[in-house]
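Here is how the chains run, residue by residue.
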Protein chains: 2
Amino acid sequence: MDMAENTNQNGMSSATVGKSGLLDLKNEHVKDMEEDVLYHLALSDKTHDLKDMFHDVKFVCFGGSTSRMKQLAEYMVDKLHYKLPAGHTLSNIAGSSDRYVLYKVGPVLSVSHGMGIPSLSILFHEVVKLLYHAGCKDVTFFRLGTSGGLGLEPGTVVISDSVVDGLLRPYMEMVTLGTLVQYPALFDPILCQELMDISADFDFPTVTGKTMCTYDFYEGQARLDGAFCDYSEDDKMAFLKQLYDKGVRNIEMESLCFAAMAHRGGIKCAVLCCTLLDRLKGDQLTSSHELMNEWGTRPQKIVAEYICKTLGIE
Amino acid sequence: MDMAENTNQNGMSSATVGKSGLLDLKNEHVKDMEEDVLYHLALSDKTHDLKDMFHDVKFVCFGGSTSRMKQLAEYMVDKLHYKLPAGHTLSNIAGSSDRYVLYKVGPVLSVSHGMGIPSLSILFHEVVKLLYHAGCKDVTFFRLGTSGGLGLEPGTVVISDSVVDGLLRPYMEMVTLGTLVQYPALFDPILCQELMDISADFDFPTVTGKTMCTYDFYEGQARLDGAFCDYSEDDKMAFLKQLYDKGVRNIEMESLCFAAMAHRGGIKCAVLCCTLLDRLKGDQLTSSHELMNEWGTRPQKIVAEYICKTLGIE
């Protein structure tokens, strides 16, 4: 694949979103299929009327944890003044699978992606196909996650302005048909700025910065507290300080794939992660679960405000 | 790291399991820590008496799905004639986290690892540390999973005799401190043969073969039905046939990391996956959930029989 082919001048792919804003697929095979089983969501375009269920979706919020994404859905009910009919409650639409959870609150989907790039990747493919089958238009994707911070007060929200892998490369490398392929991982700078502007309304710190995305939580993130460790504390600190000097402000495990797939699909996206600790000061997550849960709601507050503003809801 | 240093003549690492069979850690840092928080399991060696809880563990069964691993725990209650006290039921020991589930039935742990290498890797680190803190001896690890098959009747169980990545390399490559490191991914041939011998007692087909482990379910496994696809059906079939000719019999997303980390830790391990479809005939998982669930219990039957035999339980 020639990356240049897939990228126009402003850095956003134009392959799959036409002027109509309609989400199209860069895969002709799916269009010819009699049935498309979205296996890990336990949905199919034959057994479910995906157009009826999802045509009005404009925002998809992704996050690792099932309970945090349920919490976000409940929070959106409140923020959007969404009126559930008497006797109704939110239900996990992917409940027949135990791989992910999927909630819908009007134009907002809240979906869990598990941990790590492969788990996110499966879901991303199936969510994009879901939105395609539903005929959705002008959809924006957010990842609302947790991360380790670098030189930041724990609880700070980092809005990613760029993302690199463990070798500090700004693209996702994957293997297709036995060949290494690279996909550029880019965010929408305007969306990033709009979210940053909104964050000023809240009483917690938010910064923009470079995110490092790794395939391992322990050695992949230079931790000393895994089951294996072949390096010293000095090696670790030298590496983390080098990352800091190169602009890395947080480390997590999905944003590279998120940005690369969204860019490839021509879908506007942003990644907002709260930091649960300062990696320049330690490795272990020892803050109380209550405190970390509160930190985990901070990206939700910014994104909910953005959604309300976009929809004209006060 | 010099791989030769870590491997003795029979291919099994001797770094972390001494003659006593006691599971040791190849990480001195953890031994010096005042507290070790196993964050994603919501356990800690300070808040929990891990020795009391886990000292008798001899077998750890890993699998992707939370419900399948609960089902395995319930199945082990039956197979081991494990007597739960009146009014007791099995409980998810990692229930304060929503990342994984962890059940214990006597000497058997049943734990879910989510999907993909990074998700498994986090859990693997924490389970090994758990067993270390508990002072466990002579522990064997199994992965009981699902996979796509190559040239096999769906429902066939594949016991991996070797594993390769998407570039057909028999090792796991990971990035540590900005450097690529390779870890050999090897299984215990004797355990593999013992499981194969046991499989003859069951009325479903079981084979040994090479497993390919990928970082993506769609393009990474040459599927035509993802959100993106830049290749033709001919390209796909040529690639899959090439895999078959090289001895690959199934494709999944965790075994490379499982074998590499177990080998590095000197822990005996095996991977048994049922195949849910023949990839030479299609991409989509269209069999009924009931049928696929039954297939998913097949690796459990072989492993449960192995455990019972080892423990002298009929």
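One structure accompanies this document, and this report is about it. (Residues numbered from 1 in each chain as written. Chains lettered and ligands numbered in written order. Predicted model: local features only at pLDDT ≥ 70, side-chain atom pairs only at ≥ 80, totals over all residues. Heavy atoms only, no water.)

All names here are of chain A. Inspection of the secondary structure assignment puts R143 in strand β6 (residues 140–149). Using a relative accessible area of 2% as the deciding quantity, one classes R143 as buried. One polar contact links R143 to E252, side chain to side chain, over a distance of 3.0 Å. If we ignore the near neighbours within four places in the chain, the residues touching R143 are F62, G64, H113, E252, E254, S255, F258, A270, V271, L272 and C273. (Helix = DSSP H or I, 4+ residues; strand = E, 2+ residues; numbered from the N terminus. Buried < 20%, exposed > 50% of the residue type's maximum accessible area, 1.4 Å probe, protein only. Polar contact = N/O pair within 3.5 Å; in protein donor to acceptor, adjacent residues only side chain to side chain. Contact = heavy atoms within 4.5 Å.)

Facing 72 residues of chain B, the contacting portion of chain A comprises 72 residues. Around 6,100 Å² of area is buried between chain B and chain A when both sides are counted, 61% of it from carbon and sulfur atoms. Considering only the surface of chain B that becomes buried against chain A, M115, L177 and F228 of chain B emerge as the three largest contributors, covering 14% of it. For the pair chain B and chain A, the number of links is six salt bridges. In this structure, the salt-bridge partner of E219 of chain B is R264 of chain A, at a minimum N-O distance of 2.6 Å. Listing elements by their share of the side of chain B that touches chain A, those giving two or more residues are α1 (28–31), α3 (66–79), α4 (117–134), β8 (171–176), β9 (179–184), α6 (233–245), α7 (255–264) and α8 (289–311) of chain B. When residues in the side of chain B that touches chain A are grouped by element, the largest group, nine residues, is from α4 of chain B. Tallied by class, the residues present in the side of chain B that touches chain A amount to 33 nonpolar, 23 polar and 16 charged. (Buried area = accessible area lost by both parts, 1.4 Å probe. Salt bridge = Lys/Arg side-chain N within 4 Å of Asp/Glu carboxyl O. Nonpolar A, V, L, I, M, F, W, Y, C, P; charged D, E, K, R; others polar.)

Before going further, it helps to examine the packing of aromatic side chains. Residues and elements named next belong to chain A. Applying the stated criterion across every chain, the model contains 19 aromatic pairs over all chains. Geometrically, the ring pair formed by F62 and F141 is tilted, given 5.0 Å between the ring centres and 55 degrees between the ring planes. On the criterion of sequence distance, the pair formed by F62 in strand β3 (residues 59–63) and F141 in strand β6 is long-range, its members being 79 residues apart. With respect to burial, F62 and F141 carry one shared label: buried. Through pairs of rings, three or more aromatic residues link up here, namely F62, F124, F141 and F258. The ring of Y244 is capped by R249, whose NZ or CZ atom sits 3.8 Å from the centre of that ring. (Phe/Tyr/Trp six-rings, centres within 6.5 Å; stacked < 30°, edge-to-face > 60°. Lys NZ or Arg CZ within 6 Å of the ring centre and 35° of its normal.)

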